[in-house]
Amino acid sequence: MALQKIPATVVTGFLGAGKTTLIREMLTNANGRRIALIINEFGDVGVDGDILKGCGEELCREEDIVELANGCICCTVADDFVPTMSKLISRQDPPDHIVIETSGLALPQPLVKAFNWPEISTKVTVDGVVTVVDGPAVADGRFAHDHDAVDAQRAADPELDHESPLEELYEDQLACADMIILHKTDLMDEAQISTVSDELKASVPASVSVVKTAQGKIDPSVLLGMHSAAEQDMDRRKSHHEQHGKEDHDHDDFETFVVEFAETGTREELLKRIASTVQRHEILRLKGFAAVAGTPARLLIQAVGSRVNSYFDQPWAETETPRTALVVIGLKGLNAEAVTRDLRGDSN
């Protein structure tokens, strides 16, 4: 009798598309299924891991959440991902299902190919690749807030004759998908939803489903149980570079850093400062948590373009020192010193 492989779902998508929101909802409605999480942070602090650990000990046990914080998961397959998977699936009590949240900058193809490595190929399979798309951004003709800036950069360089990295990344994430989640439809009108949905369907094979949702609300049974064995089907999931005869990729067009400080005055002051800083420096994405003076819970923050969302997610533990940690992601050349000063509210 053949050994049944543990299914794994890869959740990919551009910066701020809503991957973490989708996964939190999946965990909340797991219906008794024990799900292990592998979370990739493209930065120096595991913010997404802290977010997901707030979903409850029964659903997110400490040993079932693994953070890979040493860089983009698709660039550290041999050093980080494969050893992590080997350890996870070799436990005496392996999970029923594994969900992998990639960084917003990760190419899914190298990650899916890694499931063919001998160390893990006999024990785990890619059940499906889910690509989360930021509906309002695509409806506005952007993949993210910085799309116009990237196009301007391309136009200014007469020697540059290829598509921007952001366009290639978006193309690759769609090309690898078994299912596309058109997210944040509550922020779109019916005409926008119809147009974006049609565009997505036209860009992928008919076998790829496009599902519309908001706030990550979707029955987990839709996401889990696709049985695609994606690692055995890479010919139809070729990346932009592979389609043009190239194998290597890098993220030299992006950089990331963490801004940390102690308590901040008020929630309103901090959010106003964040919104102003994001606009001033054309930051792609900002996410993290903050300590607000006089408040016993930490403030969770997600910022993409002009949208800044926040809510208090859980009390500070007695063993914790309240602090603020914000991951900033932008194009190469971002002035980290100026961004840090603006976020902290330091005077000139």
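Because the structure is a prediction, the values reported are computed rather than measured. (Residues numbered from 1 in each chain as written. Predicted model: local features only at pLDDT ≥ 70, side-chain atom pairs only at ≥ 80, totals over all residues. Heavy atoms only, no water.)

### A few points about the overall build of the protein
Argument step 1. Of regular secondary structure, the protein possesses 13 helices and 12 strands.
Argument step 2. Across the 348 residues that make up the protein, the buried fraction comes to 53%.
Argument step 3. The contacts in the protein between residues at least 6 apart in sequence include a share of 79% that link residues at least 24 apart.
Argument step 4. As displayed, the protein offers around 15700 Å² of accessible surface, 47% of which is attributable to carbon and sulfur atoms. (Helix = DSSP H or I, 4+ residues; strand = E, 2+ residues; numbered from the N terminus. Buried < 20%, exposed > 50% of the residue type's maximum accessible area, 1.4 Å probe, protein only. Contact = heavy atoms within 4.5 Å. Areas by Shrake-Rupley, 256 points an atom, 1.4 Å probe, with all protein chains shown as cover.)

### Focus: the sheet that holds strand β5 (residues 124-134)
Argument step 1. Here we have seven strands laid out as an open sheet, ordered β3-β2-β4-β1-β5-β6-β7, and parallel in their pairing. The open sheet has two free edges, formed respectively by β3 (65-68) and β7 (209-212), since each of these has just one partner strand. Strand after strand, the sheet turns through a mean of 20° between neighbouring axes, direction not considered. (Pairing = 2+ DSSP bridges. Axes fitted to C-alpha atoms, helices over the stretch in contact; angles between N-to-C directions.)

### Focus: helix α1 (residues 19-28)
Argument step 1. With eight of 10 residues buried, α1 is to be regarded as a mostly interior element.
Argument step 2. Those residues of α1 not exposed but buried are Lys-19, Thr-20, Leu-22, Ile-23, Arg-24, Glu-25, Met-26 and Leu-27.

### Looking at the packing of aromatic side chains
Argument step 1. Following the criterion strictly, the structure yields two aromatic pairs and no others.
Argument step 2. On the numbers, 6.3 Å between centres and 70° between planes, the contact of Phe-289 with Trp-316 is edge-to-face. Taken as a pair, Phe-289 in strand β9 (residues 285-291) and Trp-316 in the loop between β11 (307-315) and β12 (324-331) lie far apart in primary sequence, 27 residues in all.
Argument step 3. In this structure, Arg-298 packs its charged tip against the face of Phe-289, placed 5.1 Å from the ring centre. (Phe/Tyr/Trp six-rings, centres within 6.5 Å; stacked < 30°, edge-to-face > 60°. Lys NZ or Arg CZ within 6 Å of the ring centre and 35° of its normal.)

### Digging into unusual backbone geometry
Argument step 1. Located in the positive-phi region is Lys-184, a residue other than glycine, with phi close to 65°.
Argument step 2. For Lys-184, the location among the structural elements is in the loop between β6 (179-183) and α9 (190-203).
Argument step 3. At Gln-215, a residue that is not glycine, the phi angle is positive and equals roughly 60°.
Argument step 4. Mapped onto the elements, Gln-215 comes out in the loop between β7 and α10 (220-223).
Argument step 5. Judged by relative accessible area, which is 48%, Gln-215 ranks as partly exposed.

### Quick word on the environment of Thr-122
Argument step 1. On the secondary structure map, Thr-122 appears in the loop between α5 (118-121) and β5.
Argument step 2. Separated by 118 residues in sequence, Thr-122 and Gln-4 have C-alpha atoms that sit 8.9 Å apart.

### Topic: the nonpolar core
Argument step 1. Ranked by internal contacts, the top residues of the largest apolar core, which has 24 residues, are Ile-38, Phe-81, Met-85, Ile-98, Ile-100, Phe-115 and Val-124.
Argument step 2. Contributions of two or more residues to this core are made by β1 (6-13), β2 (35-40), α3 (77-89), β4 (97-101), α4 (108-113) and β5.
Argument step 3. Examining the composition of this core, we find that five residues originate from one element, α3, more than from any other. (Core = buried A, V, L, I, M, F, W, Y, C linked by side-chain atoms within 4.5 Å.)

### Details of the side chain of His-183
Argument step 1. With respect to the helices and strands, the residue His-183 is situated in strand β6.
Argument step 2. A distance of 3.5 Å separates the side chain of His-183 from the backbone nitrogen of Gln-215, its partner in a polar contact. (Polar contact = N/O pair within 3.5 Å; in protein donor to acceptor, adjacent residues only side chain to side chain.)

### Remarks on the pattern of salt bridges
Argument step 1. The tally for this structure, following the rule as stated, stands at 10 salt bridges.
Argument step 2. Close ionic contact of Asp-233 with Arg-237 constitutes a salt bridge, the shortest N to O distance being 3.3 Å.
Argument step 3. Measuring nitrogen to oxygen at the nearest pair gives 2.9 Å for the salt bridge that ties Arg-280 to Asp-342. Of this pair, Arg-280 sits in helix α12 (residues 267-281) while Asp-342 sits in helix α13 (residues 336-344); the two residues are 62 residues apart in sequence, bridging distant segments of the chain.
Argument step 4. Judged by its relative accessible area of 18%, Asp-342 falls in the buried class.
Argument step 5. Shared partners join several salt bridges into a network, and the residues in it are Asp-178, Asp-233, Arg-236 and Arg-237. (Salt bridge = Lys/Arg side-chain N within 4 Å of Asp/Glu carboxyl O.)

### Some remarks on the environment of Gln-314
Argument step 1. Following the sequence through the fold, Gln-314 ends up in strand β11.
Argument step 2. Residues Gln-314 and Arg-298 lie 16 residues apart in sequence; the distance between their C-alpha atoms is 6.1 Å.

### Details of the side chain of Thr-277
Argument step 1. Following the sequence through the fold, Thr-277 ends up in helix α12.
Argument step 2. Reaching out from Thr-277, the side chain makes a polar contact with the backbone oxygen of Arg-273 at a distance of 2.7 Å.
Argument step 3. Residue contacts for Thr-277: discarding those within four places in its chain leaves Ile-283, Val-339, Asp-342 and Leu-343.

### Side note on α13
Argument step 1. Those residues of α13 that fall on the buried side of the exposure criterion are Ala-338, Val-339, Thr-340, Asp-342 and Leu-343.
Argument step 2. The backbone nitrogen of Glu-337 has a side-chain oxygen 3.2 Å away, supplied by the residue at the start of α13, namely Asn-335.
Argument step 3. Just downstream of α13 lies Gly-345, where phi reads positive at about 75°.

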